[in-house]
Amino acid sequence: MSYSASHNSDLICGLCPHACRIASGNLGTCRVRENKGGSLSLPLYGKLSALAVDPIEKKPLYHFFPGNAIFSVGFYGCNFHCPFCQNYTISQEIRKNVRTVLPAECVDLALQHKSFGIAYTYSEPLVHFEYVLDTARIAREKGLRNVLVTNGYLNQKPLKELLPYIDAANVDLKSFSDSFYRDELGGSLKPVMRFIETAAESIHLEVTTLVIPGKNDSDDEISSLARFLSSVNRGIPYHLSAYYPTYKYTLQATKAETIFHLAELSSEFLDYVYPGNIPGGSDTRCPACGAELISRRGYYTRVTGLKKGGCSSCGEEIYGMFA
Ligand code: SF4
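Residues numbered from 1 in each chain as written. Predicted model: local features only at pLDDT ≥ 70, side-chain atom pairs only at ≥ 80, totals over all residues. Heavy atoms only, no water.

Turning our eyes to something else, we now look at the packing of aromatic side chains. One pass over the full model with this rule turns up 13 aromatic pairs. Measuring from ring centre to ring centre gives 5.9 Å for Phe75 and Tyr131, while their planes differ by 75°; the resulting arrangement is edge-to-face. Here Tyr131 lies in helix α3 (residues 129-141) and Phe75 lies in the loop between β7 (69-74) and α1 (88-91), a separation of 56 residues in the sequence. Considered together, Phe75 and Tyr131 belong to a single accessibility category, that of buried residues. Between Phe80 and Tyr153 the ring centres are 4.7 Å apart and the planes differ by 45°, which places this aromatic pair in the tilted class. With Phe80 in the loop between β7 and α1 and Tyr153 in the loop between β9 (145-150) and α4 (156-162), this residue pair connects regions lying 73 residues apart in the sequence. Residue classification places Tyr153 among the buried positions, given a relative accessible area of 5%. One aromatic cluster is present, formed by Phe84, Phe180, Tyr243 and Tyr249 through successive ring pairs. We note Arg296 situated over the ring of Tyr62; from NZ or CZ to the ring centre the distance is 4.0 Å. For the cation-ring pair, Arg296 lies above Tyr274, with the distance from its terminal atom to the ring centre recorded as 5.4 Å. (Phe/Tyr/Trp six-rings, centres within 6.5 Å; stacked < 30°, edge-to-face > 60°. Helix = DSSP H or I, 4+ residues; strand = E, 2+ residues; numbered from the N terminus. Buried < 20%, exposed > 50% of the residue type's maximum accessible area, 1.4 Å probe, protein only. Lys NZ or Arg CZ within 6 Å of the ring centre and 35° of its normal.)

Below is the structure:
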């Protein structure tokens, strides 16, 4: 495995900013990568937690081939330990006694399902870096698109190795506060910001924040976050999703009015802001003339006003990749 260095009999994993020092026979913080006799191994290579065909809108990606379904694969383990994780049964648990799906088989399955690509999703895919890279390379050779749904907690060197094979990503920007990242998730904010900046240079990017009452829902925080995204590209679609109590968090669910209020604030800085996990407000409108471009009712999506990647009413170019 790449991205490791020896330190006496320990290994330092260089994949993500945690830089775990792993003694022989032990696992890193993600519980995915192991020091096996002095070399870093990925015992969960090809051990998938889920295989499904989902609407691309479920990732969520709203400006990337809208209305299409994508073959989606999930993993076990994560380099964050969010107490509000909505997928904690796979992100915080490890199962080895599941069938191995090697990269070539994964690509074959996507082709059999007539999918236009593969989404690496559900729990954190990038701690399975070698599997994602190997699969994405084969998928690209076969004409498929590759999509990441990730927390963006990856070092720049592996990110730059992977990006040439990736077409789109949704990055979970969980907060705009370093202390929230440190205290709640066991990480830090800056590497995720750098991930977003680097990825936005070469792939289609959307960003999601799960809005948790009293934790990351202040006007100041969301405005600062939206301002940062706008400094990267004000076309980046931004999804503000309502939290529901799960795993270790028992706080009340986010009110719809909070999501709509924060969406309005963010719209000062960004052209496309979408409420998530609540009904309404998910249509895409042209930022120049206001015409409807894409209509969404749940996961039923219709492209209504796009022509050659632009608004069919006024010709404004729309951020995204459209069929
Ligand atoms: S990928 Fe896993 S083992 Fe490597 S530094 Fe990150 S948490 Fe530690």
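What follows is about the domain arrangement of the protein. The assigned domain composition of the protein is domain 1 (1-43), domain 2 (45-280) and domain 3 (283-323). Spacing between the C-alpha centres of domain 1 and domain 3 amounts to 46 Å. (Domains from an automatic or database assignment.)

For the structure shown, the criterion picks out 11 salt bridges. A salt bridge links Arg99 to Glu105; the nearest nitrogen and oxygen atoms lie 2.9 Å apart. Connected through shared salt-bridge partners, Asp54, Lys58 and Lys59 make up one network. (Salt bridge = Lys/Arg side-chain N within 4 Å of Asp/Glu carboxyl O.)

Attention now goes to the site of the ligand. As a matter of local geometry, the ligand sits amid Cys13, Leu15, Cys16, His18, Ala19, Cys20, Ile22, Gly28, Thr29, Cys30, Arg33 and Asn79. Its residues placed into classes, the shell around the ligand shows seven nonpolar, four polar and one charged. (Near = heavy atom within 4 Å. Nonpolar A, V, L, I, M, F, W, Y, C, P; charged D, E, K, R; others polar.)

Attention now moves to the packing of helix α6 (residues 190-200) against helix α7 (residues 219-232). At a minimum axis separation of 10 Å, α6 and α7 run at an interaxial angle of 30°. Classified by the angle between their axes, α6 and α7 sit roughly parallel to one another. For the crossing formed where α6 meets α7, the hand is right-handed. Counting all contacts with α6, which are made through Met193, Ile196, Glu197 and Ala200, the residues of α7 involved are Phe228, Leu229 and Val232. Class assignment of the residues belonging to the contact of α6 with α7 gives a composition of six nonpolar, no polar and one charged. (Axes fitted to C-alpha atoms, helices over the stretch in contact; angles between N-to-C directions. Parallel < 35°, antiparallel > 145°, perpendicular 65-115°, else oblique. Left-handed = near helix turned anticlockwise from the far one by under 90°. Contact = heavy atoms within 4.5 Å.)

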